[in-house]
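For reference, the chains in residue letters:
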Amino acid sequence: MPPAVATLLPSPPPITDRIALGALTHTFPPEVVDRVVQEAGRAEQRRRLLPARVVVYFVLALALYSHAAYEEVMRCLVEGLGWAQQARRGRRSWPYWHVPGAPALAEARARLGPEPLRVLFEQAARPLATRKTRGAWYRNWRVMVLDGTCLDVPDSPANQGLGRSKSGRGEGVGAFPQVRVVGLVEAGTHAIVDAAQGPYATGEQTLARGLARKGGPLGPGVLVLADRLFVGGELWRQMATTGAELVWRVKCASTTAPKLPVDQVLADGSWLSRIYAASDRRKRHSVTVRVIEYTLTDPGRRTSVDRYRLVTTILDPDLAPAGELAALYTERWEIETALGELKTTQRGPRQVLRSKSPELVAQEVWAHLLVHYALRAVMHTAALEADLDPDRLSFVGSLRVVRRQVIARPAFSP
């Protein structure tokens, strides 16, 4: 008989390939994360204790468990893999992996940088609403809302350049530097589908220009609501160039209110007017808008009559009557709910971000946006299955469920 030939069994895959984030991994699959890491030029040249994919999931987990320390968050990621090995710091058993210490995890974050998280958000965050989604549509337009907010960051020397707000009581500057975020929220699902961030000194209008980009969610079939701080001829023109329709509020009872002359009165009481960019001092390049003015009467308010003024790119009143647009504008407050979920519920009330450099601050902000989007995607799926408005589901309850899933479920069944 010929001598037996030795058979080499394939090596078991590294345990890091099994790390997952439950519902978040469903929204951001490993193959998508690997592609994004490769596109961002952050793929490792050799096998590390913390591969780039694992670091991406680790940064997302930091946003999911915003109050936990580095090592505790990593233990949550490998908790469901206990059937494979006891993943404890300092113990090297099959397949030769252990939970790294906080310094190694911090170095891995710095090595990854913010770019992979930014690219992942741009590629993965897309409008969720279907025609069956309640509260997401006005006639044939998908309703979105534009607004901004600020997040406190640690008062480190590197973060000083981000700038800080003035004290609310006029006593100087705020306690912490801040990063400014401008987001585009889908009204029906509360999903943040696009965002831009920068130092506190960067204005909301400046950041919002980055949302009028090619390949973004803005385009034909989208209607964007925004508050009065965004109105400006240059930003208006950039947003309208995408093909989206705009319905923005403008000031109407102050010395800084824009002049909106009556060029033509329409059948529903609105009128055609024109606005100019601030740089167009000679007023040579006008932009035609339709103006809708109305009042809200509420005896319970300190001022019983409030006057509102909207400007829109929809010039034909038959396509969008003035009364309907006035009622639709109340949907603008949907973004306040979404930003509140991000800042208070997910991050934690009065919680300061953990990153001590501007690059890691940007990385952490993208991670929070990604986690919020994944949570809203899960809630939208559940709302469709139950034939409910997504507003009826609890964000707090959904956040708790997803946190439990990370610990309870491994990447695949043993």
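What you see is a predicted model; the values in this text were computed from it and never measured.

### A few points about the environment of Pro-390
So, point 1. As for its placement among the helices and strands, Pro-390 is situated in the loop between α11 (358–386) and α12 (395–408).
So, point 2. Expressed as a C-alpha distance, the spacing of Pro-390 and Gly-135, which sit 255 residues apart in the sequence, is 8.5 Å.
So, point 3. With residues near it in sequence (within four places) discarded, Pro-390 still touches Thr-133, Arg-134, Gly-188, Thr-189, Arg-376, Met-379, His-380 and Ala-383.

### A look at the environment of Thr-330
So, point 1. Mapped onto the elements of the fold, Thr-330 is located in the loop between α9 (322–328) and α10 (334–346).
So, point 2. Judged by relative accessible area, which is 49%, Thr-330 ranks as partly exposed.
So, point 3. A sequence separation of 105 residues divides Thr-330 from Leu-225, and the C-alpha atoms of the two residues are 9.3 Å apart.

### A closer look at the confidence of the model for the chain
So, point 1. For the chain, per-residue confidence averages 84 on the pLDDT scale, and residues scoring 70 or more make up 85% of the total.
So, point 2. Throughout residues 83–95 the model reports pLDDT below 50, and contacts reaching past four residues in sequence, or to other chains, amount to 31 contacts.
So, point 3. Low pLDDT (under 50) marks residues 410–414, which in the prediction has 10 contacts with non-local residues, meaning those over four places away or in another chain.

### Some thoughts on the pairing of strand β8 (residues 271–275)
Within a regular strand, side chains alternate between the sheet's two faces.
So, point 1. With 4 of its 5 residues buried, β8 lies for the most part within the structure.
So, point 2. Bridge analysis of strand β7 (residues 264–265) against β8 gives 2 bridges, and the strand direction is antiparallel. Each residue of the ladder has a partner; that of Val-265, found in β8, is Trp-271.
So, point 3. For β8 and strand β9 (residues 287–297), the ladder comprises 5 bridges, and the chain directions are antiparallel. Each residue of the ladder has a partner; that of Leu-272, found in β9, is Arg-290.

### Section: the packing of helix α3 (residues 52–64) against α11
So, point 1. Contact pair α3 / α11: the axes reach a minimum separation of 8 Å and the direction vectors enclose 75°. It follows that α3 is roughly perpendicular to α11 by the angle criterion. Facing Val-59, Leu-60, Ala-63 and Leu-64 of α3, the residues of α11 in contact are Gln-363, Ala-367, His-368, Leu-370 and Val-371.
So, point 2. Of the residues that constitute the contact of α3 with α11, the class distribution is 7 nonpolar, 2 polar and no charged.

Calculation rules
Residues numbered from 1 in each chain as written. Predicted model: local features only at pLDDT ≥ 70, side-chain atom pairs only at ≥ 80, totals over all residues. Heavy atoms only, no water. Helix = DSSP H or I, 4+ residues; strand = E, 2+ residues; numbered from the N terminus. Contact = heavy atoms within 4.5 Å. Buried < 20%, exposed > 50% of the residue type's maximum accessible area, 1.4 Å probe, protein only. pLDDT = per-residue confidence, 0-100. Pairing = 2+ DSSP bridges. Axes fitted to C-alpha atoms, helices over the stretch in contact; angles between N-to-C directions. Parallel < 35°, antiparallel > 145°, perpendicular 65-115°, else oblique. Nonpolar A, V, L, I, M, F, W, Y, C, P; charged D, E, K, R; others polar.

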